[in-house]
Amino acid sequence: MASTPGPSRQLFPELTTREHDILHLMAAGYTNPAIAERSGLSAKTVRNYISPILAKLNAASRAEAITRARAAGLGDTRL
């Protein structure tokens, strides 16, 4: 049975599920090594995900992507 994406997932439909999860953790203030540990990925893999996230969001920097994500409601670690 397919699940429907949550409201925050619908805000960034251009992102894959993994990219969305990484953006959420970025918005929550996690560093790349912390995202890697929490996601079960290597730090290099996390870095490799961030470039496409920035490109898909047309964000010039990590800070800009985080600002947009937080404005959309991402970054709440209680989710």
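Because the structure is predicted, anything quoted here is derived from the model rather than measured.

Caption draft 1: View of the confidence of the model for the protein. In the predicted model, the protein carries a mean pLDDT of 88, and the fraction of residues at 70 or more is 85%. Taken element by element, the protein is modelled with least confidence in helix 1 (residues 7–11), mean pLDDT 62, and with most confidence in helix 4 (residues 43–56), mean pLDDT 97. For the stretch residues 1–7, pLDDT sits under 50, and the model shows one contact to residues farther than four places along the chain or on other chains.

Caption draft 2: Molecular detail of the pattern of salt bridges. Scanning the entire structure with this criterion turns up one salt bridge. Lys-56 is the partner of Glu-19 in a salt bridge, and the nearest nitrogen-oxygen pair spans 2.8 Å. Separated by 37 residues along the polypeptide, Glu-19 in helix 2 (residues 17–27) and Lys-56 in helix 4 bring together distant segments of the chain. In this structure Lys-56 comes out as partly exposed when scored by relative accessible area, which is 33%.

What counts and how
- Residues numbered from 1 in each chain as written.
- Predicted model: local features only at pLDDT ≥ 70, side-chain atom pairs only at ≥ 80, totals over all residues.
- Heavy atoms only, no water.
- pLDDT = per-residue confidence, 0-100.
- Helix = DSSP H or I, 4+ residues; strand = E, 2+ residues; numbered from the N terminus.
- Contact = heavy atoms within 4.5 Å.
- Salt bridge = Lys/Arg side-chain N within 4 Å of Asp/Glu carboxyl O.
- Buried < 20%, exposed > 50% of the residue type's maximum accessible area, 1.4 Å probe, protein only.

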